[in-house]
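Letter by letter, the chains look like this.
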Amino acid sequence: MSQILVALDVDTAEAAHALADRLRGAVGGFKIGSRLFTSHGPSVVESLVARGDRVFLDLKFHDIPNTVAGAVAAATRLGVWMVNVHASGGHVMMKAARDAADAEASKAGRPRPLVIAVTMLTSLSEESMGEIGVAGALAGQVGRLAMLAQSAGLDGVVASPLEIALIRSRCGPSFEIVTPGIRGGEASPDRGAGAPGVKDDQSRTMTAGAALAAGASYLVVGRPIIAAADPRAAAERIAADCAASSAS
């Protein structure tokens, strides 16, 4: 299932490679976030890219435009397939990120990575909005940030599955929507902490099939797969759920 991206949220390169080797062919790529990248740096990205994997570098860059541009250029040199920034960094910062990816890819003679923007973290809820100084409803803020990202030339956004329909209505069918907060449906026999059916710290979640049916482009799935006793079987169950939803 090419739309499933597995979050390699583990501590060691060895664990990441073992998961990737087990899942390769059953999923569409792998997400490397701050946990693994902080432990092992660019080498773990390069090793997966060298194996032909699509790598989503999920470091959520959020800084002044020049600094973010340099970081996105570096990510492009690593050969990542997708990289993200925070939409709340603003139009100028996001445009700098897109321009840096274009320039670096052209210089290296390689395809430009998809550059997407994080809207609101899936751990946030309506109650969190006031805490971070945002007035109004969470969905409204997601919609505004998605439109801002599109106006800056970005390829898409990261957003919870609950905001997919809103983003589609405002940004159109070709805008990429990358959706974390994916959880399993029915309990499975190998379920453990963080496995299918467990919400953990994300407050805006949905099953994989429902998210694709709502219009997601890609699904980021972590614990329901990597915490399962048999990660490949868990990935295949989620892919089957997606296929069933698409067929209905």
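Our structure is the block above this text.
Let me begin by describing the structure that accompanies this report. (Residues numbered from 1 in each chain as written. Predicted model: local features only at pLDDT ≥ 70, side-chain atom pairs only at ≥ 80, totals over all residues. Heavy atoms only, no water.)

Describing the overall build of the chain
When helices and strands are tallied, the chain shows eleven helices and ten strands. For the chain, the C-alpha radius of gyration of 17 Å lies close to 18 Å, the compact-globule estimate for 248 residues. Seen through its C-alpha atoms, the chain measures out along the principal axes to roughly 50 × 45 × 35 Å. Per-residue burial over the chain gives 52% buried out of 248 residues. Look at the contacts in the chain between residues 6 or more apart in sequence, and 68% of them connect residues 24 or more apart. By element, 54% of the accessible surface of the chain is carried by carbon and sulfur atoms, the whole surface being about 10,200 Å². Of the charged side chains in the chain, 23 are positive and 24 negative; the average position of the first set lies 3 Å away from that of the second. (Helix = DSSP H or I, 4+ residues; strand = E, 2+ residues; numbered from the N terminus. Rg over C-alpha atoms; globule rule 2.2 N^0.38 Å. Buried < 20%, exposed > 50% of the residue type's maximum accessible area, 1.4 Å probe, protein only. Contact = heavy atoms within 4.5 Å. Areas by Shrake-Rupley, 256 points an atom, 1.4 Å probe, with all protein chains shown as cover. Lys, Arg positive; Asp, Glu negative; His and termini not counted. Charge placed at Lys NZ, Arg CZ, Asp CG, Glu CD.)

Concerning unusual backbone geometry
Only a minority of non-glycine residues have a phi that is not negative, and only a minority of peptide bonds are not trans. Not every positive phi belongs to a glycine, and Lys-60 is a case in point at roughly 50°. With respect to the helices and strands, the residue Lys-60 is situated in strand β3 (residues 55–61). Residue Lys-60 is classed as partly exposed on the basis of its relative accessible area of 28%.

Here we look at the sheet that holds strand β7 (residues 176–179)
The strand order β1-β2-β3-β4-β5-β6-β7-β10 describes a closed barrel built from eight strands, whose pairing is parallel. This sheet shows a mean twist of 25° between the axes of neighbouring strands, independent of strand direction. Judged from the three bridges that link them, strand β6 (residues 156–158) and β7 form a sheet pairing that is parallel. Paired with Gly-156 across the bridge in β7 is Glu-176. On the sheet, helix α3 (residues 42–50) packs against β2 (29–32) and β3 and is oriented at approximately 155° with respect to β3. (Pairing = 2+ DSSP bridges. Axes fitted to C-alpha atoms, helices over the stretch in contact; angles between N-to-C directions.)

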